[in-house]
Amino acid sequence: MQNDNRDNSLSLLQNQDLSPAKMSGGATRPLLYAVCAAVLGMLQFGFNTGVINAPRQFIENFIKENYDVNSGTIFSVIVSIFAVGGMIGCPLASWVADKRGRKFALLINAAFGVVGALLMALSKTSTSLAMLIIGRFFIGINCGFATTASPTYVSEMAPVRLRGAFGTVNQLAVAFGMVGGQVLGIDVILGSDEGWPWLLGLAIIPSAVQFIMLPFAPETPRYLLLSQRDEEQARSVLAKIRGTDEIDDEIKDMNDEDHAMKQEQKFTIGDLLRIESLRTPLIIGIVMHLSQQLGGINAVLYFSTTIFIKTGLSEGDARLASIGVGSMLFIMALVSIPLMDRLGRRTLQLGGLGGMAVFSVLMTIAFFTYENNRTMSIFAVIFTLMYVAFFGVGPSSIPWMILSELFGQGSRSAAVSVGAFVNWLANFIVGLTFIPMSDLLGNYVFVPFTVLLILFYVFTYFKLPETKNRTIEEVTALFKK
């Protein structure tokens, strides 16, 4: 779930007068249109993370009826192949965005989404497991593209004074998409043997709408000016989205920033591993990304319906309870905005990891005591939602922003790329192994996650510096001592 621009977002929102009289140079209609078109990709990411949860039983029934294979193992492949696509889509999006532009990358992203959704929607009619797996893979590429291309486009379109506020839109779109996928997966809508292909196929809607909207949205002025060297077009677009012709200062700022970047030494991934002052923050960033995924959150996001059924809820009640998971993430995305600057990254990361560890222990206790005990079944749901809430406090967003705050301009791009790859790789591992691990460990399935959360907490306590209210120069100087 990425968002590199959450800092100061609440204060930005509070201090901005967005009344019609003040729309010039602020949140103009062309700007809002462009941002809405871009963040549909992040909504798609949230939808496809949450939507696979509810129809597990029906997909496994489809597999059993048509193939002589282990349905649980194949379902794990269907879940985890999404992350493989993400690992491919993320760096591919960076390359396409640099070579052909941010808008073109978003169009490619939408095309992958349309193809993937069609393959999944038609898989049952065609009795093709391959179509389902390939469709899920294409959707993964689509979402990998989105997690790179959408935040980049939004940050380059937004005015500086609103960049943090607009940056939160990506996070909210992910949570909203997740809730939407879970709501549509309940029994009375599309959570059935007949409905599940259409449930997965609904992913075509945000991609198709994005594909239709993007031709009427502009390329970012920054890309036009600094990559295409087309100042006339950059000025035209900037004047349109700012609602004013007074854009000379912003053009100058972009040129100054470009000049400063050219003066700064560029570092490769190999340099990050070789130079100690870069290797230390890289390790910290990697561990933060691992803590996000290997703390078990995707086990809950992908399999919460299964988890709730194991605590004694009926399948219908379990699907309804799963809606609370996405809703909790949405709520915490809002709550964490003011906390980020008041409490700091380190405090929120420690609080989040500690809370997740505590409630994963309580979830395990509930697994052992729910039988013939309706109260403990309810508490198991509450413990799971609290686990998700503490994830939303810090670990959901801090790993994505921390690398950009630990590295200078010359090494930031390489570091962020490594972090994104590690995140998707860990996502794949959890998606592939959770069902076999659940079968093997039974009620102890969250114990390994608890152990890892404790280790991540200890590492964070001793290694992660506070970056709140510190400049990049001050932070990087900590690792040069």
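For the structure itself, consult the block above.
A few points on the structure. Everything numeric here is computed off the predicted structure, so don't read it as measured data. (Residues numbered from 1 in each chain as written. Predicted model: local features only at pLDDT ≥ 70, side-chain atom pairs only at ≥ 80, totals over all residues. Heavy atoms only, no water.)

1. Details of unusual backbone geometry
- The phi dihedral of T127 is positive, around 50 degrees, even though this residue is not glycine.
- With respect to the helices and strands, T127 occurs in the loop between α5 (102-122) and α6 (129-157).
- Positive phi, close to 55 degrees, is recorded for R229, a residue that is not glycine.
- With respect to the helices and strands, the residue R229 is situated in the loop between α10 (221-226) and α11 (231-242). (Helix = DSSP H or I, 4+ residues; strand = E, 2+ residues; numbered from the N terminus.)

2. A closer look at the packing of α11 against helix α12 (residues 248-263)
- Where α11 meets α12, the axes come as close as 10 Å, and the angle between the chain directions of the two elements is 125 degrees. As far as their axial angle goes, α12 and α11 are oblique. Classified by chirality, the crossing of α12 by α11 is right-handed. Along its contact with α11, which presents E231, R235, L238 and R242, the element α12 presents D248, E250, I251 and M254.
- Looking at the contact of α11 with α12 residue by residue, the class counts come to 3 nonpolar, no polar and 5 charged. (Axes fitted to C-alpha atoms, helices over the stretch in contact; angles between N-to-C directions. Parallel < 35°, antiparallel > 145°, perpendicular 65-115°, else oblique. Left-handed = near helix turned anticlockwise from the far one by under 90°. Contact = heavy atoms within 4.5 Å. Nonpolar A, V, L, I, M, F, W, Y, C, P; charged D, E, K, R; others polar.)

3. Remarks on the packing of helix α2 (residues 29-50) against helix α9 (residues 204-213)
- At a minimum axis separation of 9 Å, α2 and α9 run at an interaxial angle of 155 degrees. Comparing their axes, α9 and α2 come out roughly antiparallel. With respect to the hand of their crossing, α2 and α9 are arranged in left-handed fashion. Here Y33, C36, A37, A38, L40, G41, L43 and Q44 of α2 come into contact with α9, specifically with P206, S207, V209, Q210 and M213.

4. Some remarks on the environment of G285
- Tracing the sequence through the fold places G285 in helix α14 (residues 276-294).
- Residue classification places G285 among the buried positions, given a relative accessible area of 0%.
- As a C-alpha pair, G285 and I402 span 117 residues in sequence and 6.7 Å in three-dimensional space.
- Ignoring sequence-local partners within four residues, the contact set of G285 consists of I402 and L403. (Buried < 20%, exposed > 50% of the residue type's maximum accessible area, 1.4 Å probe, protein only.)

5. Quick word on the pattern of salt bridges
- In this structure the tally under the stated criterion is 13 salt bridges.
- A salt bridge links R235 to D248, with the nearest nitrogen and oxygen atoms 2.7 Å apart. With a gap of 13 residues between them, R235 in helix α11 and D248 in helix α12 connect regions that are remote in the sequence.
- Of the residues examined, D248 reaches a relative accessible area of 48% and is grouped as partly exposed.
- One salt bridge connects R242 with E250, and the closest N-O pair in it is separated by 2.7 Å. (Salt bridge = Lys/Arg side-chain N within 4 Å of Asp/Glu carboxyl O.)

6. Details of the nonpolar core
- Of all hydrophobic cores here, the largest spans 135 residues; its most connected members are I59, Y387, F434 and F446.
- The residues touching Y387, leaving out its near neighbours within four places in the chain, are G295, G296, I297, V300, M356, F359, S360, M363, F446 and L453. (Core = buried A, V, L, I, M, F, W, Y, C linked by side-chain atoms within 4.5 Å.)

7. Notes on a nonpolar patch on the surface
- Together, F368, Y444, V447, V451 and L455 give the surface a local cluster of nonpolar side chains, amounting to about 470 Å² of exposed area.
- Looking at which element gives the most residues to the nonpolar patch, the answer is helix α21 (residues 447-463), with 3 residues.
- Relative to the helices and strands, F368 is located in helix α17 (residues 345-369).
- Among the residues examined, F368 registers a relative accessible area of 42% and is labelled partly exposed. (Patch = residues over 30% accessible without salt bridge, like charges linked within 9 Å, V, L, I, M, F, W, Y side chains within 5 Å. Areas by Shrake-Rupley, 256 points an atom, 1.4 Å probe, with all protein chains shown as cover.)

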